[in-house]
Amino acid sequence: MSSKSETAGVDLATGKVLWRYAGYNCAIPVPEPAYVGDGRFFKTSGYNAGSVMFQVKRQGDAYAVKELFRLPQLGAQIHVPLVYEGHIYAQCNTNDKRDGLACIAVDGTVKWKTERSPNFDWGGMILANGGLLLAMDGETGVLRLVRLDPAGYKELAGAKVLSGKEIWAPMALAGGKLICRDQKQMKCLDVGAR
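Residues numbered from 1 in each chain as written. Predicted model: local features only at pLDDT ≥ 70, side-chain atom pairs only at ≥ 80, totals over all residues. Heavy atoms only, no water.

### A closer look at the layout of surface pockets
Unfilled space is identified by rolling a water-sized probe across the atoms.
Right, on to step 1. In this structure, the largest pocket encloses a volume near 210 Å³.
Right, on to step 2. Elements with a minimum of two residues in the lining of the largest pocket: strand E12 (132-136) and strand E15 (172-174).
Right, on to step 3. By residue class, the composition of the lining of the largest pocket is eight nonpolar, four polar and no charged. (1 Å grid on protein atoms, 1.4 Å probe; cavity = no way out; pocket = protein on both sides within 12 Å on 5 of 7 lines; lining within 4 Å. Points joined across faces, edges and corners; volume = space filled by probe spheres on them. Helix = DSSP H or I, 4+ residues; strand = E, 2+ residues; numbered from the N terminus. Nonpolar A, V, L, I, M, F, W, Y, C, P; charged D, E, K, R; others polar.)

Right under this line is the structure:
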C-alpha cells in the first residue's frame, strides 16, 4: 500500500505553487506535516510510510527542498506531532507497530519511546503551558499529564476520564478547560492550575 504523497507551499495571494516535496510515499497520509522551524517540516504517517524531515530554503526567486533525514520504522498514523524546545513528540502507533509516545530530536535521533508502558493507542494529545502534555490513551480513556523532557518519559498524573472505544479524537484546550470525547460522549474538564 504505497503511493506518492506530495507536500507543497502555495502563495496565498496568487495560488502559485512555490515549492513541492514528493519524496514521501504513503497511501493514506492522515497527519499534516509539523513545522519544526528554520524551514523544516516533519512528515509522518502509518501504513509503513515512516517519517521524514525536509527543509525548504529560498534561493533568489525560487525555493529549494532538501530531505534531511528519514525514519522508515517510526510513524504516527493519526495525530500531528507536537514540537517543543527542539524535539518532536509523536504518538507512534500504526496498524503494524506499537511504539507509543516517542521523542525525536530535530536531527532525527530517537531519544525515547514508551512502547507499551503506556502505549496511548491512537489517542489525541495537546500541548499545555510550561512544557506539559495532555495525552489521551485511545483504548482505555486514561488522560495523562506528562512533562516533556528529552531525557525520558515523565508522567505526572493520570485519570480515567472516558470509557468508550476508539478514543482517537483531537482535543481542544482553552482557558484551562479541556474538551475530549469518545464515540458516545464529550466532556469538558477543568485542567487549569490550582
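### Focus: the sheet that holds strand E14 (residues 154-160)
Strand pairing in a sheet relies on backbone hydrogen bonds, with the paired strands running either antiparallel or parallel.
Right, on to step 1. An order of E11-E12-E13-E14 is seen for the four strands of this open sheet, with the pairing classed as antiparallel. If you trace the sheet from one side to the other, it starts and ends with strand E11 (125-128) and E14, each paired once. Across the sheet, the axes of successive neighbouring strands diverge by a mean angle of 20°, strand direction being ignored.
Right, on to step 2. Here E12 runs beside strand E13 (residues 142-147); their pairing, made up of five bridges, is antiparallel. Residue pairing in the sheet places Leu133 in a bridge with Val146 of E13. (Pairing = 2+ DSSP bridges. Axes fitted to C-alpha atoms, helices over the stretch in contact; angles between N-to-C directions.)

### Digging into the pattern of salt bridges
Right, on to step 1. All chains considered together, the criterion is met by eight salt bridges.
Right, on to step 2. The shortest N-O distance in the salt bridge between Arg144 and Asp137 comes to 3.7 Å. The same class applies to Arg144 and to Asp137, which are both buried.
Right, on to step 3. The partner of Lys154 in a salt bridge is Asp149, and the shortest N-O contact between them spans 3.4 Å.
Right, on to step 4. Here the salt bridges do not stand alone but share partners, grouping Lys97, Asp99 and Lys113 into one network. (Salt bridge = Lys/Arg side-chain N within 4 Å of Asp/Glu carboxyl O. Buried < 20%, exposed > 50% of the residue type's maximum accessible area, 1.4 Å probe, protein only.)

### Remarks on the environment of Lys165
Right, on to step 1. For Lys165, the location among the structural elements is in the loop between E14 and E15.
Right, on to step 2. Along the backbone, Lys165 and Asn93 are 72 residues apart, and their C-alpha atoms lie at a distance of 16 Å.
Right, on to step 3. Once residues lying within four places of it in the same chain are set aside, the contact partners of Lys165 are Asp182 and Gln183. (Contact = heavy atoms within 4.5 Å.)

### Comments concerning the environment of Gly176
Right, on to step 1. Within the secondary structure layout, Gly176 lies in the loop between E15 and strand E16 (177-181).
Right, on to step 2. With 76 residues separating them along the chain, Gly176 and Gly100 place their C-alpha atoms 26 Å apart.
Right, on to step 3. Other than its neighbours up to four places away in sequence, Gly176 contacts Leu189, Asp190, Val191 and Gly192.

### Observations concerning the pairing of strand E8 (residues 87-93)
Right, on to step 1. Extensive coverage of E8 is indicated by the burial of seven of its seven residues.
Right, on to step 2. In E8, alternate side chains face the same way, and those of His87, Tyr89, Gln91 and Asn93 on one face and Ile88, Ala90 and Cys92 on the other are all buried.
Right, on to step 3. Bridge count between strand E7 (residues 82-84) and E8: three bridges; the pairing is antiparallel. The residue bridging Tyr84 from the neighbouring strand is His87, located in E8.

### Things to note about the environment of Phe54
Right, on to step 1. Its location among the elements puts Phe54 in strand E5 (residues 50-59).
Right, on to step 2. Judged by relative accessible area, Phe54 falls into the buried class, the value being 0%.
Right, on to step 3. Remark: the alpha-carbon pair of Phe54 and Lys66, spanning 12 residues in sequence, is separated by 5.5 Å.
Right, on to step 4. Excluding its chain neighbours within four sequence positions, the residues that come into contact with Phe54 are Thr7, Trp19, Tyr21, Gly39, Arg40, Phe41, Lys43, Val65, Lys66, Glu67 and Leu68.

### Side note on the state of the cysteines
Right, on to step 1. Evaluation of the coordinates by the stated rule reveals zero disulfides.
Right, on to step 2. No disulfide involves Cys92; its sulfur sits 10 Å from that of Cys103, the nearest cysteine. (Disulfide = S-S within 2.5 Å.)

### Looking at the confidence of the model for the chain
Right, on to step 1. With 97% of its residues at a pLDDT of 70 or more, the chain shows a mean pLDDT of 93.
Right, on to step 2. Least confident of the elements in the chain is strand E1 (residues 7-10), whose mean pLDDT is 94; most confident is strand E10 (residues 110-113), at 98. (pLDDT = per-residue confidence, 0-100.)

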